[in-house]
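# Topology and contacts: notes
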Amino acid sequence: MKFARITSPAAVDALFPLVDEDIAAVARDEAMAAEVAEIDALIEEAEREWAAAERVEAFRVSRELTDLVSARRAARRATREALRSRVRFNGVAAA
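Predicted, not measured: the structure shown is a model, and the values here were computed from it. In this convention, every chain numbers its residues from 1, walking through the sequence in written order. Given that the model is predicted, a residue must reach a pLDDT of at least 70 before its local features are reported, and side-chain atom pairs must reach 80 or more before they are shown or counted; all residues, however, enter totals for whole chains, interfaces and linings. Working from all heavy atoms in the structure, the side-chain values ignore hydrogens and water.

Secondary structure assignment for the chain yields three helices and two strands. Numbering of helices and strands starts at the N terminus; helices are DSSP runs of H or I of at least 4 residues and strands are runs of E of at least 2. Reading the secondary structure of the chain in the N-to-C direction produces α-α-α-β-β. Per-residue burial for the chain yields a buried fraction of 1% across its 95 residues. As displayed, the chain has an accessible area near 8,900 Å², and 61% of this comes from carbon and sulfur atoms. Burial here depends on accessible area, computed with a 1.4 Å probe over protein chains only, as a share of the maximum for the residue type. Under 20% is buried, over 50% is exposed, and the range in between is partly exposed. Using a 1.4 Å probe, accessible areas were evaluated by the Shrake-Rupley method; residue-level cover was limited to the displayed protein chains.

Glancing now at the UniProt feature "coiled-coil region" (unreviewed entry) in the chain. The positions that UniProt labels "coiled-coil region" (unreviewed entry) are, in the present scheme, residues 29-56. Between the first and last C-alpha atoms of residues 29-56 the distance is 41 Å; the span itself is 100% helix and 0% strand. UniProt positions are given in the numbering used here, feature names are shortened, and annotations may be inferred rather than shown by experiment.

A cluster of basic residues, Arg 72, Arg 73, Arg 76, Arg 77, Arg 80 and Arg 84, forms a positive patch at the surface. As for its placement among the helices and strands, Arg 76 is situated in helix H3 (residues 68-84). Like charges are joined within 9 Å and nonpolar side chains (Val, Leu, Ile, Met, Phe, Trp, Tyr) within 5 Å, but only among residues with over 30% relative accessible area and no salt bridge; these make up the patches. Salt bridge, as applied in this entry: a Lys or Arg side-chain nitrogen positioned within 4 Å of an Asp or Glu carboxyl oxygen. In summary, the charge assignment counts Lys and Arg as positive and Asp and Glu as negative, without counting His or the chain termini. For charged residues, the charge sits on one atom: NZ in Lys, CZ in Arg, CG in Asp, CD in Glu.

Shown next as structure tokens:
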């Protein structure tokens, strides 16, 4: 018995897509397209999350730079550090 013959029409309908190379190629292409679409959706979601995080960070940084209380404190700290540091003016050490 060289070739087996499938006599059940239901079995032929179920196995035909697996046996026919053209149908199997189309099924593989559809599966790959679905996978690529899923990957693209994940990439877009990650990019949206990164953009949202960047907007939040940009707002936070701009708020820090324009906050008057923080600006005054930073100026006081800088002045205090300058006064406490030992700086040499024309060869003379400041106390």
